[in-house]
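Structural overview for review
The residues making up each chain are set out below.
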Amino acid sequence: MKRTILTLAIISSLAACVSAPTGPTIAIMPREGKPFEVFQQEDQQCREFAANAVKDTSNAALKEGATSAVIGAALGAAAGAVIQGGSSQNIGTGAGVGLLGGAAMGAMNSSGKQNQAQVQYNIAYQQCMYSKGNQVPSYPSQGGSPRYGPPSSGFKPIQ
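The residue numbers shown here count from 1 along each chain, following its written sequence. Local features in a predicted model are, by the rule used here, given only for residues with pLDDT of at least 70; side-chain atom pairs are given and counted only at 80 or more, and totals for whole chains, interfaces and linings are based on all residues. Hydrogens and water are ignored here; the side-chain numbers use all heavy atoms of the structure.

Concerning the pattern of salt bridges
Counted as salt bridges are all cases of a side-chain nitrogen of Lys or Arg within 4 Å of a carboxyl oxygen of Asp or Glu. The full count for this structure, using the stated rule, is 2 salt bridges. Notably, a salt bridge pairs K34 with E42, separated by 2.6 Å at the nearest N-O pair. Like E42, K34 is buried. Residue D43 is joined to R47 by a salt bridge in which the shortest nitrogen-to-oxygen separation is 2.9 Å. Exposed residues in this analysis have more than 50% of their type's maximum accessible area, buried residues have under 20%, and partly exposed residues fall in between, with area computed by a 1.4 Å probe over protein chains only.

Details of the nonpolar core
Among soluble globular proteins, nonpolar side chains are generally buried collectively. Definition of nonpolar core: a set of buried residues of the types Ala, Val, Leu, Ile, Met, Phe, Trp, Tyr and Cys, connected through side-chain atoms within 4.5 Å. If you look at the biggest cluster of nonpolar residues, it comprises 11 residues: I28, F39, C46, A50, V54, Y121, A124, Y125, C128, M129 and V136. Breaking this core down by element, the ones donating at least two residues are α2 (36-53) and α4 (88-131). Of the residues forming this core, the biggest block, 5 residues, is contributed by α4. In this structure, C128 is in contact with C46 and F49, ignoring residues within four places of it in sequence. The numbering of helices and of strands both runs from the N terminus, where a helix is a DSSP run of H or I of at least 4 residues and a strand a run of E of at least 2. The contact criterion used throughout is that any non-hydrogen atoms of two residues lie within 4.5 Å.

Section: the confidence of the model for the protein
pLDDT: the predictor's confidence for each residue, scored from 0 to 100. Chain-level pLDDT for the protein is 72 on average; 40% of the residues reach the 70-or-more range. Summarising per-element confidence for the protein, the mean pLDDT is lowest in helix α1 (residues 2-16) (54) and highest in α2 (96). Per-residue pLDDT stays below 50 along residues 152-157; that stretch engages in 6 contacts with residues further than four places along the chain or on separate chains.

Digging into α2
Expected span of a helix, by definition, is 1.5 Å for each gap between consecutive residues, and there is one gap fewer than residues. Taking 1.5 Å as the rise per residue, α2 with 18 residues should run 26 Å; its terminal C-alpha atoms sit 25 Å apart, in good agreement. Looking at α2, one finds that the buried residues are V38, F39, E42, D43, C46 and A50. The buried residues of α2 all sit within an arc of 135° when viewed along its axis, so they share a single face. Opposite the buried face of α2, at more than 90 degrees from it, the exposed residues are E37, Q41 and N52. By arc we mean the arc of the directions from the helix axis to the C-beta atoms, nothing more.

Thoughts on the environment of S131
Relative to the elements of secondary structure, S131 occurs in helix α4. Sequence separation of S131 and C46 is 85 residues, and the distance between their C-alpha atoms is 10.0 Å. Two N or O atoms form a polar contact when they lie within 3.5 Å of each other; inside protein one atom must be a possible hydrogen donor and the other a possible acceptor, and for residues adjacent in sequence the pair counts only when both atoms belong to side chains. From its side chain, S131 meets the backbone oxygen of C128 in a polar contact 2.6 Å long.

Considering the side chain of N122
Inspection of the secondary structure puts N122 in helix α4. Excluding residues that lie within four positions of it along the chain, N122 makes contacts with G23, P24, T25 and I26.

What about the side chain of D43?
Within the element layout of this structure, D43 appears in helix α2. The exposure class of D43 is buried, given its relative accessible area of 15%. A distance of 2.3 Å separates the side chain of D43 from the side chain of Y125, its partner in a polar contact. What D43 contacts, discounting residues up to four positions off in sequence, is Y125 and M129.

Listed below in structure tokens is the structure:
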């Protein structure tokens with residue numbers, strides 16, 4: 001019983017290590033002349049848009065970490081029983097080793113999915129903020145709007 005509780009506690013703590021993106025990892029600047037309050041509202045809208053865009057990828061990362069740990073524990077318990085003739089002590093040891101191995105594999109796999117989720121989040125966030133006329137790295141500002149005036153791209157034409 002104690003081993004079951006310990007195993008569940010370890011799986012829960014390992015699954016908690018994987019998390020969905022909590023925000024962008026890129027810097028976006030408001031266009032010159034745009035009120036900061038408007039920029040803050042747009043930022044919040046775009047964060048929500050980006051979070052919805054990566055929901056499935058984030059959920060897959062969480063499931064992969066927990067599933068790999070459970071499968072590793074089961075395979076480790078089976079291997080412990082087979083190798084040492086079914087001794088309950090060896091089953092527990094095998095399960096523990098399998099849990100750690102499965103958790104490590106799950107952490108590596110879910111880490112890749114977590115990185116993919118962050119990249120997708122950043123792209124969705126950039127697209128949203130760019131569509132609202134903000135300055136996005138690597139992209140010149142888009143055309144101005146009547147409300148905020150012409151954009152300031154920082155580029156000067158060659159003469």
